[in-house]
Structures are given as structure tokens and as C-alpha cells.
Amino acid sequence: MRIYPLFLWLARIMAILGGLVLTVLVLLTVVSVTGRALNGVMHLGWVESLAGPLAQGLLDAGLGPITGDFELVEAGIAFTIFAFLPLAQISGSHATVDIFTSFLPISANRVLMALWEVLFAAALIVIAWRLYEGMQGKMRYNETTFLLQFPVWWAFAASFAAAVMAALVSSFTAAARVWEMLTGASVLPEFGEVDH
């Protein structure tokens, strides 16, 4: 199927974006936890007595956790999860348990694969739709985060965009698996075998 490379490319772009966001979130968490730990150390009595002006200078400079770090992680991780779904879907990299299905004939396995792909695509479409509705609500009420005061709908918008891409790729894989079931042709690579 000539459209497969386009969906594979989209899935890879989303995974790269998800990886970049996840990397930033990990670094943010490391810096925040380190700052929180150092802040605690600077408040110890013996540290204040040994390095009083230095400790106080570091504290006055803002040594401590990053304000609103959990708000940023919460907003970013939802996007990251949805960003990785398209590549996992198109490559068939989701965890599977095939103890019973390994004994079934290929035709029965194709029916099962098509069924699960269609159900997964439907679930992602519903999730994208509900994220859109949630985003509309957050925009309507101008809801902001507690500490950073950034609009909550921004996180919903990022997650919605990634969920739409996941739903598109999943719909393609569902259509491809249904086609494989009906024709016996191989459209997508076997699970975990993505063309490079």
C-alpha cells in the first residue's frame, strides 16, 4: 500500500516530538529534585553555620525546586503518551499475549487482529473527541493552573493534536488489517517489523 510510508513517517515524527518533550520533562524533574534537595541542605544548621553568607546567597538566588514543575510534567506527559501511540500502533509494538492465538490458523488471527485494530481505532477517536470537548470547556471557563497560571486548555490542545494523529494512524492500520483479513494480502509488516 503506497500510503503506508506516509503514515509511518507521521508516526515517527510524533514519536520524535514525544521523545523531545519527554527528555525536557526528565531534565526538568532532575533539576527540580536536585534544587529541592540542595535547598534542604542549605537550611541545615551546620551548613548555615559553615557557609552562612554563601548558603543564604544561594537561597536568595532561588536555589530550590522549579515552581510548578508538577504542572508542567502533568501537561507534558499526556502529550507524550499520545505522541508515542502512532508508532506503537503502526509497528504493532503493543504488548500482546498470544498463548491461545498462536494455535489458531492465519485466517483466524487476521480476523482477531482486524477486530482489535478497529476497536482500538474507535477508542482513540472517542478519546480525541473527548479531549476536544474538554479543551473547549477549559477555554470557555478560562481555567488556569494553580502555580504557573498558564491556561489548562494548552495541555488539552497538545494532547488533542497528538490523539488526532494517533486516531488517524490507528484508523489506517484498522483499515489495512481489515483489508488483509478480506483479501489475504499483506499490507502492514508483521507485528514489531517496521520497514526502515
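Residues numbered from 1 in each chain as written. Predicted model: local features only at pLDDT ≥ 70, side-chain atom pairs only at ≥ 80, totals over all residues. Heavy atoms only, no water.

Visitor: Would you mind going over the UniProt feature "transmembrane region" (unreviewed entry) in the protein with me for this structure?
Guide: Listed under "transmembrane region" (unreviewed entry) in the UniProt record, and renumbered for this structure, are residues 6-33, 111-132 and 152-176. Structurally, residues 6-33 comprises 100% helix and 0% strand, and the distance from its first C-alpha atom to its last is 40 Å. Structurally, residues 111-132 is divided into 100% helix and 0% strand, and its ends, taken at the C-alpha atoms, are 32 Å apart. (UniProt positions renumbered as here; feature names shortened; annotations may be inferred. Helix = DSSP H or I, 4+ residues; strand = E, 2+ residues; numbered from the N terminus.)

Visitor: What exactly am I supposed to notice about the pattern of salt bridges here?
Guide: Side-chain pairs of opposite charge can arise whenever the charged atoms involved come near each other. Counted according to the given criterion, the structure contains 3 salt bridges. Notably, a salt bridge pairs Glu 143 with Lys 138, separated by 3.0 Å at the nearest N-O pair. Its relative accessible area of 36% is what places Glu 143 among the partly exposed residues. (Salt bridge = Lys/Arg side-chain N within 4 Å of Asp/Glu carboxyl O. Buried < 20%, exposed > 50% of the residue type's maximum accessible area, 1.4 Å probe, protein only.)

Visitor: Got a minute to help me understand unusual backbone geometry in this structure?
Guide: Glycine aside, the phi torsion of most residues is negative, and most peptide linkages are trans. Phi angles above zero are rare outside glycine, and Asn 142 is one such case at about 50°. If you trace the backbone, Asn 142 turns up in the loop between helix 5 (106-140) and helix 6 (153-183). If you check the backbone angles, Gln 149 has positive phi at about 60° while not being a glycine. Among the structural elements, Gln 149 can be located in the loop between helix 5 and helix 6. Here Gln 149 falls in the partly exposed class, since its relative accessible area comes to 48%.

Visitor: For this particular structure, what's the right way to read a nonpolar patch on the surface?
Guide: Side chains of Ile 3, Leu 6, Trp 9, Ile 13, Ile 16, Leu 17 and Leu 20 sit close together on the surface and give an oily, nonpolar patch of about 660 Å² of accessible area. Summarising the element assignment, Leu 20 is placed in helix 1 (residues 4-42). (Patch = residues over 30% accessible without salt bridge, like charges linked within 9 Å, V, L, I, M, F, W, Y side chains within 5 Å. Areas by Shrake-Rupley, 256 points an atom, 1.4 Å probe, with all protein chains shown as cover.)

Visitor: Would you take a moment to explain helix 5 for this structure?
Guide: A turn of α-helix holds 3.6 residues, and therefore any two residues three or four places apart point the same way. Given a rise of 1.5 Å per residue, 35 residues ought to cover 51 Å, and the 51 Å separating the end C-alpha atoms of helix 5 matches this to within 8%. In the stretch just after helix 5, Asn 142 is the one whose phi turns positive, near 50°. (Expected span 1.5 Å × (residues − 1).)

Visitor: What am I meant to see in the packing of aromatic side chains here?
Guide: Going through the model one piece at a time under the given rule, you end up with 3 aromatic pairs. Between Phe 7 and Phe 172 the ring centres are 4.4 Å apart and the planes differ by 5°, which places this aromatic pair in the stacked class. Note that Phe 7 is positioned in helix 1 and Phe 172 in helix 6, a separation of 165 residues in sequence. For the pair formed by Phe 7 and Phe 172, the shared burial category is buried. Positioned over the ring face of Trp 129 is Arg 130, at 4.7 Å from the centre of the ring. (Phe/Tyr/Trp six-rings, centres within 6.5 Å; stacked < 30°, edge-to-face > 60°. Lys NZ or Arg CZ within 6 Å of the ring centre and 35° of its normal.)

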